[in-house]
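So you can see what is in the structure, the chains are spelled out below.
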Amino acid sequence: MLYWVFEALQLVIQLSKIIYLAIIGGTYYFIAKSCFSYIPGYYLSGIHRYTGLLGVGVGILLFLLTSFTDAGTVNAENVSQYLSAYPYDNIIFTDKECSTCKIPKPARSKHCGICGRCVARFDHHCGWMNNCIGERNTRYFLAFLLWHFLLCLYGTIAIGLVLAGRLKELRVVYILTVYYGIENSFYSLAPHVVQWLLGSYNTQILLMVFLAIVSLLLAGFFGYHANLCRTNTTTNETFKWQDYINWRRKLNEARASAAALKSSISGMSSESKLPESKWKAFFRRSPLEDAEVVVKNNVYDKGMFHNIWEVIYPLSTRRSFSQRKSKST
Ligand SMILES: [Zn+2]
Ligand SMILES: [Zn+2]
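No experiment lies behind these values; they were computed from the predicted model shown.

Undergrad: Can you lay out the coordination of the zinc ion (ligand 1) for me, pointing to particular residues and giving the numbers?
TA: Ligation of the zinc ion (ligand 1) by protein atoms is provided by Cys-98 (SG), Cys-101 (SG), His-111 (ND1) and Cys-118 (SG), these donors lying 2.0 to 2.3 Å from the ion. Coordination at the zinc ion (ligand 1) comes from four donor atoms whose angles at the metal span 102 to 123 degrees, giving a geometry best classed as tetrahedral. Mapped onto the polypeptide sequence, the residues donating to the zinc ion (ligand 1) form the spacing pattern C-x2-C-x9-H-x6-C. Here Cys-98 is found in the loop between β2 (96-97) and β3 (104-105), whereas its partner Cys-118 is found in strand β5 (residues 117-119), with 20 residues between them in sequence. What makes Cys-98 buried here is its relative accessible area of 2%.

The structure is reproduced here in structure tokens:
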């Protein structure tokens, strides 16, 4: 039974790659089928028949690059270099051993259960790519997100221009105003134009809305990851920092409430003295507020340009990486 579940899971994992290809291929097919007959048009030249295909080609290439590039496997041969390249911060990363790989776990790495290996500067395991996003392929992953955002934006604008071109070519505004006697203003024409578009070009409108939504999602996703790169943090580390900050906060609160309890006990013993005024008690800071503020202290953040350069040119691909072994041993 468990075997079949495992097999089914493996199949789903393999299918994930096909899902991306099906989506991009299907979208391209429907755009080509519904729009290419209007290209070249009033606003778009014939070259857009080819730039779209080129855009999809580059997109697939980036997909393959991200999904087949080694994310940064840590093994017995390179572990000492990785340990030296990524020192422990002793906050969220401490000296530990991977119980599966039986090798030390360099800081910022994580063992991926799906890939069955330790990955350096582990970001996350990407289901779409069926690969980890780590030290060596974060750059391709970011390029993939940015490229697909731009591609979807391009598609949205291009279909918009195809429809605008149809309006112009078929002289829709002229017909509406002259033959139907509709007032020549934006507000009186807009509902009729929209109705005409929805009636005659619903496939194109649907594709446009789909691409606009996807491009917005991709913009958000790219923005999130670009910001992580700017601060030299991984998705995995954001969770670790959240856990650490929550843990510290609870610890501080517990300490503060213990101190408050202590002071109230000592207060009770000296109750015979002057009672504290209500106003004074009101303005007195609660011991909880005095709790130390927990801040994220990311030792891997070395400034924006350095951080971005580290993503573009990963440490393990540098010449200095292979020389690290002698230093650490
Ligand atoms: Zn491992
Ligand atoms: Zn993985």
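And the narrative resumes.
Undergrad: Break down the packing of aromatic side chains for me, with residues and values.
TA: Taken as a whole, this structure holds 17 aromatic pairs when the rule is applied. Ring geometry for Tyr-3 against Trp-4: centres 5.7 Å apart, planes inclined by 75 degrees, an arrangement best described as edge-to-face. On the accessibility criterion, Trp-4 (61% relative accessible area) is exposed. A ring pair is formed by Tyr-20 and Phe-63, whose centres lie 4.1 Å apart and whose planes are at 15 degrees; its orientation type is stacked. Remark: Phe-63 occurs in helix α2 (residues 48-68) and Tyr-20 occurs in helix α1 (residues 2-35); sequence separation between them is 43 residues. No difference in accessibility class separates Tyr-20 from Phe-63, as the two residues are buried. By the ring-pair criterion, three or more aromatic residues cluster together here, those being Tyr-20, Phe-63 and Phe-144. In this arrangement the basic side chain of Arg-171 is found over the ring face of Tyr-174, its NZ or CZ atom lying 4.4 Å from the centre.

Undergrad: Lay out the side chain of Glu-135 in plain terms, naming residues and giving numbers.
TA: If you trace the backbone, Glu-135 turns up in the loop between β7 (131-133) and α4 (138-169). Buried charge without a salt bridge: Glu-135, with Arg-136 as the nearest opposite-charge side chain at an N-O distance of 5.3 Å. Looking at Glu-135, its side chain comes within polar contact range of the side chain of Tyr-82, at 2.7 Å. Separated by 3.2 Å, the side chain of Glu-135 and the backbone nitrogen of Leu-315 make a polar contact. Filtering out sequence-adjacent residues up to four positions away, Glu-135 remains in contact with Ala-71, Tyr-82, Tyr-86, Ala-120, Arg-121, Pro-314, Leu-315 and Ser-316.

Undergrad: Quick one: what's the story with the coordination of the zinc ion (ligand 2), residue by residue and with numbers?
TA: The protein atoms that coordinate the zinc ion (ligand 2) are Cys-112 (SG), Cys-115 (SG), His-125 (ND1) and Cys-132 (SG), at distances of 2.0 to 2.3 Å. Around the zinc ion (ligand 2) sit four donor atoms; with metal-centred angles ranging over 102 to 121 degrees, the donor geometry is tetrahedral. Counting along the primary sequence, the residues that act as donors to the zinc ion (ligand 2) give the motif C-x2-C-x9-H-x6-C. Of this pair, Cys-115 sits in the loop between β4 (110-112) and β5 while His-125 sits in strand β6 (residues 124-126), and the two are ten residues apart along the sequence.

Undergrad: Explain the nonpolar core to me, and be specific about the residues and the numbers.
TA: Judged by nonpolar contacts, the single largest core of 34 residues is most densely connected at Ile-31, Met-129, Phe-141, Phe-144, Ile-159 and Leu-176. Elements with a contribution of two residues or more to this core: α1, α2, α4, α5 (172-178), α6 (186-200) and α7 (202-230). No other element matches α4, which puts eleven residues into this core. Sequence-distant contacts of Ile-31, that is, excluding residues within four places in its chain, are made with Phe-36, Ile-159, Leu-207 and Leu-211. Counting 19 residues, the second-largest nonpolar core is a separate cluster that includes Phe-93, Ile-103, Val-294 and Leu-315.

Rules of the game
- Residues numbered from 1 in each chain as written.
- Chains lettered and ligands numbered in written order.
- Predicted model: local features only at pLDDT ≥ 70, side-chain atom pairs only at ≥ 80, totals over all residues.
- Heavy atoms only, no water.
- Donors = N, O, S within 2.8 Å, 3.2 Å for Na, K, Ca; no water.
- Tetrahedral: all angles 85-135°; square planar, octahedral: opposite > 155°, others 65-115°.
- Helix = DSSP H or I, 4+ residues; strand = E, 2+ residues; numbered from the N terminus.
- Buried < 20%, exposed > 50% of the residue type's maximum accessible area, 1.4 Å probe, protein only.
- Phe/Tyr/Trp six-rings, centres within 6.5 Å; stacked < 30°, edge-to-face > 60°.
- Lys NZ or Arg CZ within 6 Å of the ring centre and 35° of its normal.
- Lys, Arg positive; Asp, Glu negative; His and termini not counted.
- Salt bridge = Lys/Arg side-chain N within 4 Å of Asp/Glu carboxyl O.
- Polar contact = N/O pair within 3.5 Å; in protein donor to acceptor, adjacent residues only side chain to side chain.
- Contact = heavy atoms within 4.5 Å.
- Core = buried A, V, L, I, M, F, W, Y, C linked by side-chain atoms within 4.5 Å.

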